[in-house]
Amino acid sequence: MIVKLNKSYFNKYRSQIILLLINIQFISNEFACSICKGIRSDLNSYSNYSFLYIRNDILLGIVLAKPVGSYIFNKNTCEVKYLSVNSDFKGKDIASSLVEHLKMKC
C-alpha cells in the first residue's frame, strides 16, 4: 500500500525511515537523523510529494520529494530528495511503484 507522508505516518515510521535513509550509500546514522529533523520541520512541503510503501505495517520503501521553488510555472513540479527501498525487498518494483505514484501526483 502506498500512502502519502503525513505527520502521523512520519511519527509512526520515523525509525524505519531512518533505516531506509541509512541504506542509501554514504548516509550515516547521524545524517539520516538530521534529514528526519529537516523533514519534520518542513513537513508541509514534503507531505504533498512524499510517499511511503507499507506492507504488513513494515515500511518497505520511501520517496521523499518536495516542490521546486515558486519560480517554476508548473506548481506540480517537485524534486526527489531521497528514494530508498528495504534491501530485503529490492527488485520487487517498489521503487518504480513509488516513482510512478509520484509522477501521477505531479
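These notes cover the structure that comes with them. (Residues numbered from 1 in each chain as written. Predicted model: local features only at pLDDT ≥ 70, side-chain atom pairs only at ≥ 80, totals over all residues. Heavy atoms only, no water.)

1. Quick word on helix α2 (residues 29-41)
- The end-to-end C-alpha distance of α2 is 18 Å, a good match for the 18 Å that 13 residues give at a rise of 1.5 Å each.
- Every buried residue of α2 is listed here: Ala-32, Ile-35, Cys-36 and Ile-39. Down the axis, α2 shows its buried residues gathered within 100° of arc, on one side only. Facing away from the buried side of α2 by more than 90 degrees, the exposed set consists of Glu-30, Lys-37 and Ser-41.
- Elements that come into contact with the buried residues of α2 comprise α1 (7-22), α3 (43-47), β3 (58-67) and β4 (78-85). (Helix = DSSP H or I, 4+ residues; strand = E, 2+ residues; numbered from the N terminus. Expected span 1.5 Å × (residues − 1). Buried < 20%, exposed > 50% of the residue type's maximum accessible area, 1.4 Å probe, protein only. Arc of directions from axis to C-beta. Contact = heavy atoms within 4.5 Å.)

2. Brief notes about the environment of Ala-65
- As for its placement among the helices and strands, Ala-65 is situated in strand β3.
- As for Ala-65 and Gln-16, which are separated by 49 residues in sequence, their C-alpha atoms are 17 Å apart.
- Apart from the residues within four sequence positions on either side, Ala-65 is in contact with Ser-45, Tyr-46, Tyr-49, Ser-50, Cys-78, Glu-79, Val-80, Lys-81 and Leu-102.

3. Topic: the pattern of salt bridges
- What the rule picks out here adds up to four salt bridges.
- Of the charged contacts, one joins Asp-57 and Lys-12 as a salt bridge, the two residues approaching to 3.0 Å between their closest N and O atoms. Here the residue Asp-57 occupies a position in the loop between β2 (51-55) and β3, and Lys-12 occupies one in helix α1, the gap between them amounting to 45 residues.
- Salt-bridge contacts for Asp-42 lead to Lys-66; the nearest nitrogen and oxygen are separated by 2.7 Å. With Asp-42 in the loop between α2 and α3 and Lys-66 in strand β3, the pair connects residues that are 24 residues apart, well separated along the chain.
- With relative accessibility at 24%, the residue Asp-42 sits in the partly exposed group. (Salt bridge = Lys/Arg side-chain N within 4 Å of Asp/Glu carboxyl O.)

4. Focus: the sheet that holds β2
- What the four strands build is an open sheet, ordered β1-β2-β3-β4; its pairing is antiparallel. Across the chains shown, the open sheet's two edge strands, defined by having one partner strand only, are β1 (2-4) and β4. Each neighbouring strand pair of the sheet contributes to a mean axis angle of 20°, computed without reference to strand direction.
- The sheet contact formed by β2 and β3 spans five bridges and is antiparallel. Directly across from Leu-52, in β3, lies its bridge partner Ile-62.
- In the packing of α1 onto the sheet, contacts are made with β1, β2, β3 and β4, and the angle to β3 comes to roughly 95°. (Pairing = 2+ DSSP bridges. Axes fitted to C-alpha atoms, helices over the stretch in contact; angles between N-to-C directions.)

5. Comments concerning the environment of Phe-10
- Relative to the helices and strands, Phe-10 resides in helix α1.
- Given the relative accessible area of 1%, Phe-10 is considered buried.
- In the structure, Phe-10 is positioned 42 residues away from Leu-52 in sequence and 9.3 Å away in space, judged by C-alpha atoms.
- With residues up to four places along the chain from it excluded, the contact list for Phe-10 reads Leu-5, Ile-17, Cys-36, Ile-39 and Arg-40.

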